[in-house]
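Tertiary structure, described
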Amino acid sequence: MPTADVRVELIGSWRQDRFVYSAHSVGEIIADITRYSETVVLIEEGAGALADLQVRGTFEAQNVDGLLNTLAEIHPIEIDRSEPGTVVLRQK
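Here the structure is a predicted model, which means the values were calculated and not measured. (Residues numbered from 1 in each chain as written. Predicted model: local features only at pLDDT ≥ 70, side-chain atom pairs only at ≥ 80, totals over all residues. Heavy atoms only, no water.)

**Describing the sheet that holds strand 5 (residues 86-91)**
In plain terms, the rule: The criterion for strand pairing is that DSSP finds at least two bridges linking the strands in question. Labels follow the DSSP assignment, with helices taken as runs of H or I lasting at least four residues and strands as runs of E lasting at least two, numbered in each case from the N terminus. The convention used is that axes are lines fitted to C-alpha atoms, helices contributing only their stretch in contact, and that angles between N-to-C directions extend from 0 to 180 degrees. We call two residues contacting when some pair of their heavy atoms lies within 4.5 Å.
Across the sheet, three strands lie side by side as 2-5-4; this open sheet has mixed pairing. Both edges of this open sheet fall to strand 2 (40-43) and strand 4 (77-80), since each of them pairs with a single strand only. Across the sheet, the axes of successive neighbouring strands diverge by a mean angle of 25 degrees, strand direction being ignored. Inspection of the sheet shows strand 4 paired to strand 5 by four bridges, in the antiparallel sense. Its bridge partner being in strand 5, Ile-79 is matched across the sheet by Leu-89. Lying on the sheet, helix 1 (residues 26-36) is in contact with strand 2, strand 4 and strand 5; it crosses strand 2 at an angle near 155 degrees. The strands touched by helix 2 (residues 64-74) within the sheet are strand 2, strand 4 and strand 5, with strand 4 carrying the most contacts at an inclination of about 145 degrees.

So, in C-alpha cells, the structure goes:
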C-alpha cells in the first residue's frame, strides 16, 4: 500500500472547532457538516456533479453558513435555505 506525507497539525483539527480541507470534495464537506452540526445539508436531486467539486481551505466548524456561503462564492452553487433546519445546494 502506498504511503503519503501527512501534515500532523491537520489531524484532529475538528477538535479545535475547525475543518481543514486540501482538495476535498463538496460531498465530503457536506458529510462533515452533517456529522458535526444540526444543519441538514442536501444536494438537489440531479445535481450530483456538485458533490465532486474540489475545495481547499480552513473553516470554523460552528459557522456552517459561512462555509456554505464560501462554497457558493467559489463554485456555481446556489443555496436554498427556505426550509427551516435544511439547506439544499443546487447548480447555478
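Following the structure, the description resumes.
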